[in-house]
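This is what each chain is made of:
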Amino acid sequence: MKTKAVALLVFLSWLLPLPLQAKPLEMELKAEGLYVSNPNTAVLQRMFDDYGYRDYIYMPDWKYPPLFLNAFPSDFNRVADKNLRNRLFIQILAPLTMLVNERIILERYQLMMIQKRFLQNEKFLPEDQDELERLAQKYDVFTRMKGADRYKIVLNELFDRIDAVPPSLLIGAAAAESNWGTAREVELGNALYKEKVWFTNDGIKPLDEPDDSYRIKVFPSLEAAIDAYALKFNSDVNFEHFRNLRRQRRNHKKALRGNAMVYNMVRGSPLENYAGLISYIITFYDLVNLDEAELGSVDMFWKKK
């Protein structure tokens, strides 16, 4: 819900005095966290500092503030210090990748509940059949089988597809594709991964590109872009090797770490040495630490650091 409550006014008072902004700061508090629009980089750094989010990687108890930017600050490209800009990039995306994974894991939990009810009742309930059909369409699962056998196949395939995507991979891929958030496509449409849409004029027309058959997909927010790319990991045929390795690691009770899985996404982009580039980014910035981190509670917004 829109937050205009006294509690949020108190939160805002903590941020004063703030550097001047071209646009008013907009915030919306939801159950999962605080969504923020239009901060400049100085305001954003002040907000991060207020909640102890001073280091882009190491947080107490590995809990990160549920502070979600809808888009990069308007002056993000003008940050002269490249190292600072890259660290801000990670700080901005880390909570968003954790949020996307929380939602994926919730869908996986729903699968577990469907499986449990099937084992108890020895049949799939009508509402569970409907949910399996919805998820099958979302995750591109297809089978010609009918009846109970169909839902068994769909359920098993969905368990392979609906699972976490390491934040280190999502952030590393975004850094590689978007030149650390400075690409034109990010500024125009939050297109972190430059996903293509074909045979349409809807989207961003690439510059200096003779092929006019595609556009770069526009997203309403950074979260939406990350969510779409995570879905690509979990549904696209080009990431089948990644999903197979993830299943193996789950079966052997090994953590899902990006540095151990990155070379199974070699077909994920036309960029040269894509997996090697992402591996370097993960290693250089210690992003693997994010793979076992989690979001903190919204309660931290009412506790001044």
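Residues numbered from 1 in each chain as written. Predicted model: local features only at pLDDT ≥ 70, side-chain atom pairs only at ≥ 80, totals over all residues. Heavy atoms only, no water.

Novice: So what's going on with the overall build of the protein chain? Residues and values would help.
Specialist: Helices and strands together make up the secondary structure of the protein chain, namely 11 helices and seven strands. Out of the 305 residues in the protein chain, the part that is buried amounts to 49%. Put simply, 65% of the contacts in the protein chain that link residues at least 6 apart link residues at least 24 apart. Accessible area for the protein chain stands at about 15,800 Å²; split by element, carbon and sulfur atoms hold 51% of it. (Helix = DSSP H or I, 4+ residues; strand = E, 2+ residues; numbered from the N terminus. Buried < 20%, exposed > 50% of the residue type's maximum accessible area, 1.4 Å probe, protein only. Contact = heavy atoms within 4.5 Å. Areas by Shrake-Rupley, 256 points an atom, 1.4 Å probe, with all protein chains shown as cover.)

Novice: Lay out the environment of Val237 in plain terms, naming residues and giving numbers.
Specialist: Within the secondary structure layout, Val237 lies in the loop between helix H8 (222-235) and helix H9 (240-251). In this structure, the C-alpha to C-alpha distance between Val237 and Asp140, residues 97 residues apart in sequence, is 9.5 Å.

Novice: Can you tell me about the packing of aromatic side chains, naming the residues and giving the values?
Specialist: Under the definition given, this model contains 18 aromatic pairs. When the ring of Phe124 is compared with that of Tyr151, the centres are 5.8 Å apart and the planes differ by 55°; the resulting orientation is tilted. With Phe124 in the loop between helix H3 (82-121) and helix H4 (126-138) and Tyr151 in helix H5 (residues 147-161), this pair connects stretches of sequence that are 27 residues apart. Judged by centre distance (5.3 Å) and plane angle (90°), the ring pair of Tyr229 and Phe233 falls under edge-to-face. Here Phe233 and Tyr229 lie together in helix H8, a separation of four residues that amounts to about one turn. (Phe/Tyr/Trp six-rings, centres within 6.5 Å; stacked < 30°, edge-to-face > 60°.)

Novice: So what about the pattern of salt bridges? Which residues, and what values?
Specialist: All chains considered together, the criterion is met by 18 salt bridges. With its nearest N and O atoms 3.0 Å apart, the salt bridge here joins Arg103 to Glu32. With Arg103 in helix H3 and Glu32 in the loop between strand S1 (26-30) and strand S2 (33-37), the pair connects residues that are 71 residues apart, well separated along the chain. In this structure Arg103 comes out as partly exposed when scored by relative accessible area, which is 35%. A residue is classified by how much of its surface remains accessible, and Glu32, at 25% relative accessible area, is partly exposed. (Salt bridge = Lys/Arg side-chain N within 4 Å of Asp/Glu carboxyl O.)

Novice: Mind laying out the confidence of the model for the protein chain, listing which residues take part and the relevant values?
Specialist: Overall, the prediction assigns the protein chain a mean pLDDT of 88, with 90% of residues at 70 or greater. Per-residue pLDDT, averaged within each element of the protein chain, yields its smallest value for helix H1 (residues 6-14) (43) and its largest for H8 (97). Every residue in residues 1-16 scores below 50 in pLDDT, and together they form 30 contacts with partners more than four places removed in sequence or on other chains. (pLDDT = per-residue confidence, 0-100.)

Novice: Could you give me a rundown of the pairing of S2, with the residues and numbers involved?
Specialist: Taking burial as the measure, the five residues of S2 include five buried ones, the bulk of the element. Pairing of S1 with S2, which is carried by five bridges, proceeds in the antiparallel orientation. Across the sheet, the residue bridging to Lys30 is Gly33, located in S2. Pairing of S2 with strand S4 (residues 67-69) involves three bridges; the strand directions are parallel. Paired with Leu34 across the two strands is Leu67, which belongs to S4. (Pairing = 2+ DSSP bridges.)

Novice: Describe unusual backbone geometry, naming the residues involved and giving the relevant values.
Specialist: Notably, Asp140 is not glycine yet its phi reads approximately 60°, a positive angle. With respect to the helices, strands and loops of the structure, Asp140 is situated in the loop between H4 and H5. Positive phi values are uncommon outside glycine, yet Lys194 reaches one of about 50°. Of note, Lys194 is situated in the loop between helix H7 (184-189) and strand S5 (196-198). The class of Lys194 is partly exposed, set by a relative accessible area of 29%.

Novice: Let's hear about the sheet that holds S1: which residues, and what values?
Specialist: One open sheet accounts for three strands, arranged S1-S2-S4; its pairing is mixed. The sheet terminates laterally at S1 and S4, the two strands that pair on one side only. Neighbour-to-neighbour, the strand axes of this sheet turn through a mean angle of 25°, independent of strand direction. (Axes fitted to C-alpha atoms, helices over the stretch in contact; angles between N-to-C directions.)

Novice: Can you explain the pairing of S1? Please cite residues and give values.
Specialist: The side-chain alternation of S1 yields one buried face, formed by Met27 and Leu29, and one unburied face, formed by Glu26, Glu28 and Lys30. Between S1 and S2, which follow one another and run antiparallel, lie two residues.

Novice: How would you summarise the environment of Leu295 if you had to cite specific residues and measurements?
Specialist: Locating Leu295 in the fold gives a position in strand S7 (residues 294-295). Note: C-alpha distance between Leu295 and Gly33 (262 residues apart in sequence) is 9.1 Å. If near-sequence neighbours (up to four positions away) are discounted, Leu295 is found in contact with Tyr64, Pro65, Pro66, Phe68, Pro95, Met98, Leu99 and Glu102.

Novice: Account for H4, with residues named and values stated.
Specialist: It helps to recall that an α-helix has 3.6 residues per turn; residues three or four apart then point in one direction. Taking 1.5 Å per residue, 13 residues should reach 18 Å; H4 reaches 19 Å between its end C-alpha atoms and fits that length. When we look at burial in H4, the residues that qualify are Asp128, Leu132, Leu135 and Ala136. Projected down its long axis, H4 carries its buried residues within an arc of 105°, all on one side. Among the exposed residues of H4, those oriented more than 90 degrees off its buried face are Pro126, Asp130 and Gln137. Contacts from the buried residues of H4 go to H3 and H5. (Expected span 1.5 Å × (residues − 1). Arc of directions from axis to C-beta.)

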